[in-house]
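# Commentary on secondary and tertiary structure
As a plain string of letters, each chain reads:
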Amino acid sequence: MQGKNPFIDDIWAHLKAFKLKLNLFAGQLAKNDLSHFSRLNSIPLVNEEKLKNYEDGLKKLHFEFERRFHDFSALQTELDIFTMPFNVNCEAVRSDLQLELIELQSNNHLK
């Protein structure tokens with residue numbers, strides 16, 4: 001994400017992946033599934049209270065990411081126009097882009 005002139009959609013993809021991983025890890029800790037935590041998995045008896053603390057920490061981190069990057073979520077449709085133009089509902093985009101998007105989606109040579 002820190003490379004020179006990263007494209008906004010690439011940054012957003014990394015952030016979404018990170019948030020999904022946080023949710024996955026928190027859910028796994030809640031089920032005592034330590035498959036992605038090799039150090040914890042190597043401990044014979046893991047303290048359940050510690051696992052709950054780790055789970056809570058991951059949930060707080062996820063919440064903080066949601067709060068800090070809320071603006072990106074609001075731009076999701078506009079980003080999708082450039083990354084997945086064939087999957088975007090034409091009526092959901094700005095009016096000045098609708099006709100061009102329809103032409104693009106109707107072009108059989110691009111599909």
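Conventions adopted
Residues numbered from 1 in each chain as written. Predicted model: local features only at pLDDT ≥ 70, side-chain atom pairs only at ≥ 80, totals over all residues. Heavy atoms only, no water. Helix = DSSP H or I, 4+ residues; strand = E, 2+ residues; numbered from the N terminus. Rg over C-alpha atoms; globule rule 2.2 N^0.38 Å. Contact = heavy atoms within 4.5 Å. Areas by Shrake-Rupley, 256 points an atom, 1.4 Å probe, with all protein chains shown as cover. Lys, Arg positive; Asp, Glu negative; His and termini not counted. Charge placed at Lys NZ, Arg CZ, Asp CG, Glu CD. Buried < 20%, exposed > 50% of the residue type's maximum accessible area, 1.4 Å probe, protein only. Polar contact = N/O pair within 3.5 Å; in protein donor to acceptor, adjacent residues only side chain to side chain. Axes fitted to C-alpha atoms, helices over the stretch in contact; angles between N-to-C directions. Left-handed = near helix turned anticlockwise from the far one by under 90°. Nonpolar A, V, L, I, M, F, W, Y, C, P; charged D, E, K, R; others polar. pLDDT = per-residue confidence, 0-100. Salt bridge = Lys/Arg side-chain N within 4 Å of Asp/Glu carboxyl O. Expected span 1.5 Å × (residues − 1). Arc of directions from axis to C-beta.

### Some remarks on the overall build of the protein
A count of helices and strands for the protein gives six helices and zero strands. The globule rule puts the C-alpha radius of gyration for 111 residues at 13 Å, and the 20 Å found for the protein is more than 25% above it. When the backbone C-alpha atoms are referred to their principal axes, the protein occupies close to 60 × 30 × 30 Å. Long-range pairs, those at least 24 residues apart, make up 44% of the contacts in the protein between residues at least 6 apart in sequence. Split by element, the accessible area of the protein, about 8600 Å² in all, is 55% carbon and sulfur. For the protein, the separation between the mean place of its 14 positive charges and that of its 16 negative charges on side chains is 8 Å.

### Quick word on the side chain of Glu 55
In this fold, Glu 55 is placed in helix α3 (residues 48–68). According to the relative accessible area criterion, Glu 55 is buried, its value standing at 8%. For Glu 55, the side chain forms a polar contact with the side chain of Lys 59, separated by 2.9 Å. With near-sequence residues (within four places) excluded, Glu 55 lies in contact with Ala 26, Leu 29 and Ala 30.

### What to know about the packing of helix α1 (residues 8–30) against helix α5 (residues 76–83)
Between α1 and α5, whose axes approach to 10 Å, the crossing angle comes to 115°. For the element pair α1 and α5, the recorded crossing hand is left-handed. Across the interface between the two elements, Ile 8, Asp 9, Trp 12 and Lys 16 from α1 touch Gln 76, Leu 79 and Thr 83 from α5. Classifying every residue of the contact of α1 with α5 gives three nonpolar, two polar and two charged.

### Topic: the confidence of the model for the protein
Mean pLDDT for the protein: 87, with 96% of residues reaching 70 or above. Mean pLDDT in the protein bottoms out at helix α4 (residues 70–74), which sits at 78, and peaks at α3, which reaches 93.

### Overview of the pattern of salt bridges
By the definition in use, this model includes six salt bridges. For the salt bridge of Glu 55 with Lys 59, the shortest nitrogen-to-oxygen distance reads 2.9 Å. Taken together, the positions of Glu 55 and Lys 59, both in helix α3 and four residues apart, correspond to about one turn of that helix. Given the relative accessible area of 45%, Lys 59 is considered partly exposed. Between Arg 67 and Glu 64 there is a salt bridge; the shortest N-O distance is 2.3 Å. Of this pair, Arg 67 and Glu 64 both sit in helix α3, separated by three residues, roughly a single helical turn.

### Concerning α3
Under the 1.5 Å per step criterion, the end-to-end length of α3 is 30 Å for 21 residues, consistent within 8% with the ideal 30 Å. Of all the residues in α3, the buried ones are Leu 51, Glu 55, Leu 58, His 62 and Phe 65. Projected onto a plane normal to the axis of α3, the buried residues spread over an arc of 85° and lie on a single side. Exposed residues lying more than 90 degrees from the buried face of α3 are Glu 49, Lys 60, Phe 63 and Arg 68.

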